[in-house]
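Structural characterization, general
The residues making up each chain are set out below.
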Number of protein chains: 2
Amino acid sequence: MASSPATSDKRQHIVETAYALFKRFGFHATGIDRIIAEAEVAKMTMYRHFPSKDGLIVAVLNWRAQRFERQLDQLAHEASARHKIRVIFDWHQRWFHGADFHGCIFAHALAEFGDPTHPVFKAAAAQKAGLKLRMQTILEGVMPAERAESASAALLMLIEGATLMAQMGRGDDAIADAWKAASTIIAVDDTP
Amino acid sequence: MASSPATSDKRQHIVETAYALFKRFGFHATGIDRIIAEAEVAKMTMYRHFPSKDGLIVAVLNWRAQRFERQLDQLAHEASARHKIRVIFDWHQRWFHGADFHGCIFAHALAEFGDPTHPVFKAAAAQKAGLKLRMQTILEGVMPAERAESASAALLMLIEGATLMAQMGRGDDAIADAWKAASTIIAVDDTP
DNA sequence: TAGTGGTGAGACAGGTCTGTATCATCTTCA
DNA sequence: TGAAGATGATACAGACCTGTCTCACCACTA
C-alpha cells in the first residue's frame with residue numbers, strides 16, 4: 001500500500017474526536033490540547049495530518065457533510081417527491097432525538113467564522129447548498145424549475161429553523177410544525 | 001440624581017461597542033482588550049460596570065433584544081394580522097440589507113454557548129421566544145389558538161432560516177421565498 | 001542487522017486571555 | 001476650598017492558546 005493503514009486510522013480517529021468536541025463546546029472554546037488528550041494521540045501526530053487547527057476544522061466539516069449526504073442517499077428510495085422530502089424531514093427528527101444532539105455544527109461554524117472568504121465558512125456554506133440542491137432536484141420532477149428553486153429554499157429555511165428550535169429544546173414540536181408548513185408549500189406549489 | 005449621567009453613558013457606550021465587535025467577530029474571538037480599546041475606556045471601567053465578560057455579553061443581548069422589540073412595536077400599526085406579520089418580514093428584509101449585517105447575534109450566542117443552563121444561552125433563547133410569542137399573539141386574532149401556536153412556530157423557523165441564508169449572501173431571495181411560504185401558511189391556516 | 005517511517009512524550013516559544021491591583025487624575029457638588 | 005465618586009493608565013498574575021522542536025520508541029522491511 002502507499003500508506004500504512006495505521007496512518008489513516010489515526011487521522012480518522014482525530015477527526016471524529018474533534019467532531020465530538022467541536023459540536024459540544026464550539027470551535028474556539030475547544031483547544032488543541034483537549035482534542036489530542038481525548039483522542040490519546042501526540043500533538044505532533046495531529047499536526048502531521050493537518051496543517052493547522054483551521055485545517056482540522058475544515059476536515060471535520062467535510063467528513064461530516066459527506067456522512068450526511070451518504071445517509072440521505074441510502075434513504076432515498078421513496079417514489080414520490082413528497083415522500084422523498086418527508087424522508088429528509090424524518091431524518092432530522094431522528095437526529096434531534098439523538099443523545100449527543102447539540103444543534104447544527106455547520107450553522108455553528110458560520111456563526112464563529114463570519115468571514116465569507118474563510119475556508120471554514122466556505123465548507124459550512126457548501127453543506128447548506130448541497131442540501132438545498134438535493135431538495136431542489138427532487139422538486140424539479142413535479143414543478144417548474146423556478147418554483148422548485150424558491151420552494152426548496154423555503155424547505156431549507158424550515159429545516160434550519162427547526163434545528164435551531166430543537167437546540168432550544170423544542171425539537172418535537174419544531175419538526176412537526178415544519179413538516180406541516182412544508183407539506184403546505186409542496187402541495188400549493190405542486191398544483192399550478 | 002442617584003447616579004451621574006456620565007456613568008450611564010459609559011456603560012451604554014461599552015455595551016454598544018461590544019455589540020458591534022461581538023456580532024462581527026464572535027464572542028470568544030473578541031477579547032476584553034479589544035473592546036476597551038475600541039470603546040476608549042479603561043479596563044477597570046468595564047469591570048466596574050459588568051461582573052465579567054459573560055455578564056457583559058448578557059447585557060449586550062438584553063439591550064439588543066429590547067431594541068428589537070421597541071422597533072417592532074413602533075411599526076405595528078397595520079390592521080390585519082397578515083399585514084402585521086408582513087411588517088415583521090419587511091423589517092428583516094431591511095435588516096439583511098444593512099451595512100453591518102453579520103447574521104443573528106442571538107443564534108450565534110446559542111452556537112457558542114451550547115449549555116442550556118448558561119446565562120448567555122438563556123438570554124438568547126428568550127429573544128427567540130419573544131418573537132414567536134409576538135407572532136403567535138397576532139395570529140390568535142384570526143385563527144384558533146392551537147393553529148396559531150404551530151403557525152407562529154413555522155413563521156419563526158422561516159425567519160431564522162432566512163437569516164441564515166442572508167448570512168450566506170442570499171438575503172434577497174431568502175426573505176422573498178420565506179414570505180411566499182409564510183403567506184401560504186397564514187392563508188391556509190386562516191381559512192378553517 | 002540496520003534502516004525507515006510513524007508515533008509518543010514533553011519542553012518550549014511567543015502570544016493572548018480574563019480578571020485584579022495600584023495610583024494619578026478628572027468632574028461635580030456642597 | 002474640599003470631599004467623593006468615576007475614570008484613565010498601566011502593571012501584573014495565572015492560565016490558556018497555537019504551533020514547533022527534540023528525542024526516544026516501536027513496528028516493519030530489506
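Not measured: the values here are computed from a predicted model.

Quick word on the overall build of chain A
Tallying secondary structure elements over chain A gives 9 helices and 0 strands in all. Reading the helices (α) and strands (β) of chain A from amino to carboxyl end gives α-α-α-α-α-α-α-α-α. Seen through its principal axes, chain A has C-alpha atoms that stretch 60 × 40 × 30 Å. Out of the 192 residues belonging to chain A, those deemed buried represent 38%.

Focus: the relation of the copies chain A and chain B
In this arrangement, two copies of a chain are superimposed by a rotation about an axis accompanied by a shift along the axis. When chain A is fitted to chain B, the residual RMSD is 0.0 Å, and the transformation amounts to a turn of 180 degrees plus an axial shift of 0.0 Å. What we have between these two chains is a two-fold relation. Both copies contact each other with a shared surface, as 100% of the interface residues of chain A are interface residues in chain B too.

Description of the protein's contact with DNA strand C
Lys10, Ala42 and Thr45 of chain A together with Gly31 and Ile32 of chain B are the nearest of the 20 residues found near DNA strand C. Every element with two or more residues in the surface near DNA strand C is listed here: helix 1 (5–25) and helix 3 (43–49) of chain A together with helix 2 (32–39) and helix 3 (43–49) of chain B. It is helix 3 of chain A that provides the largest number of residues to the surface near DNA strand C, a total of 4 residues.

With respect to the nonpolar core
It is characteristic of soluble globular proteins that their nonpolar side chains tend to be buried jointly. Formed by 105 residues in total, the largest nonpolar core has its most connected members in Leu158 and Ala178 of chain A together with Met157, Leu158 and Ala178 of chain B. Among all residues touching alanine 178 of chain B, those that are not within four sequence positions of it are Ala154 and Met157 of chain A together with Phe89, Leu158, Ile159 and Ala162 of chain B.

Here's the deal with the interface of chain A and chain B
On the chain B side, the residues contacting the 38 residues of chain A number 38 residues. Of all the elements, helix 8 (residues 145–167) of chain A adds the most residues to the side of chain A that touches chain B, at 12 residues. Of the residues assigned to the side of chain A that touches chain B, the class counts are 20 nonpolar, 11 polar and 7 charged.

Description of the protein's contact with DNA strand D
Gly31 and Ile32 of chain A together with Lys10, Ala42 and Thr45 of chain B are the nearest of the 18 residues found near DNA strand D. Mapped by element, the contributors of at least two residues to the surface near DNA strand D are helix 2 (32–39) and helix 3 of chain A together with helix 1 (5–25) and helix 3 of chain B. Top contributing element to the surface near DNA strand D by residue count: helix 3 of chain B, with 4 residues. In the surface near DNA strand D, the residues fall into 7 nonpolar, 5 polar and 6 charged.

Brief notes about the domain arrangement of chain A
Residue and element names in this part refer to chain A. Taken domain by domain, chain A consists of domain 1 (1–51) and domain 2 (53–186). Summarising the inter-unit geometry, the C-alpha centres of domain 1 and domain 2 are found 26 Å apart. Between domain 1 and domain 2, the residue contacts involve 12 residues of the former and 13 residues of the latter. Looking at which element gives the most residues to the side of domain 1 that touches domain 2, the answer is helix 1, with 6 residues.

Observations concerning the environment of threonine 30 of chain A
The residue threonine 30 of chain A is located in the loop between helix 1 and helix 2 in this model. Residues threonine 30 of chain A and alanine 18 of chain A lie 12 residues apart in sequence; the distance between their C-alpha atoms is 8.5 Å.

Overview of helix 7 (residues 119–139) of chain A
All names here are of chain A. In this model, helix 7 (21 residues) spans 30 Å end to end at C-alpha, consistent with the 30 Å of a helix rising 1.5 Å per residue. Of the positions making up helix 7, those classed as buried are Val120, Ala123, Ala124, Ala125, Gln127, Lys128, Leu131, Met135, Ile138 and Leu139. Packed against the buried residues of helix 7 are helix 4 (53–75), helix 5 (81–97), helix 6 (105–112) and helix 8.

Quick word on the packing of helix 4 of chain A against helix 5 of chain A
All names here are of chain A. Across the interface, helix 4 lies against helix 5 with an axial gap of 10 Å and an inter-helix angle of 130 degrees. Classed by the angle they form, the pair helix 4 and helix 5 counts as oblique. As helix 4 runs across helix 5, the sense of the crossing is right-handed. Residues Gln71, Leu72 and Leu75 of helix 4 pack against Val87, Ile88 and Trp91 of helix 5.

Some words on the packing of helix 7 (residues 119–139) of chain B against helix 8 (residues 145–167) of chain B
All names here are of chain B. The contact between helix 7 and helix 8 brings their axes to 8 Å, and the two run at 130 degrees. When the axis of helix 7 is compared with that of helix 8, the two are oblique. Judged by the twist between their axes, the crossing of helix 7 over helix 8 is right-handed. Every residue of helix 8 that contacts helix 7 at Lys128, Leu131, Lys132, Met135, Gln136 and Leu139 is listed here: Ala148, Glu149, Ala151, Ser152, Ala153, Leu155 and Leu156. Split into classes, the residues belonging to the contact of helix 7 with helix 8 amount to 8 nonpolar, 2 polar and 3 charged.

Notes on unusual backbone geometry
Residue and element names in this part refer to chain A. Despite not being glycine, glutamate 40 shows a phi value in the positive range, around 60 degrees. Tracing the backbone shows glutamate 40 in the loop between helix 2 and helix 3. The exposure class of glutamate 40 is exposed, given the 9 C-beta atoms found within 10 Å.

Definitions and cut-offs
Residues numbered from 1 in each chain as written. Chains lettered and ligands numbered in written order. Predicted model: local features only at pLDDT ≥ 70, side-chain atom pairs only at ≥ 80, totals over all residues. Helix = DSSP H or I, 4+ residues; strand = E, 2+ residues; numbered from the N terminus. Buried ≥ 20, exposed ≤ 12 C-beta atoms within 10 Å, placed from the backbone. Least-squares fit on C-alpha atoms with pLDDT ≥ 70 in both. Contact = placed C-beta atoms within 7 Å. Near = placed C-beta within 6 Å. Core = buried A, V, L, I, M, F, W, Y, C linked by C-beta atoms within 7 Å. Nonpolar A, V, L, I, M, F, W, Y, C, P; charged D, E, K, R; others polar. Domains from an automatic or database assignment. Expected span 1.5 Å × (residues − 1). Axes fitted to C-alpha atoms, helices over the stretch in contact; angles between N-to-C directions. Parallel < 35°, antiparallel > 145°, perpendicular 65-115°, else oblique. Left-handed = near helix turned anticlockwise from the far one by under 90°.

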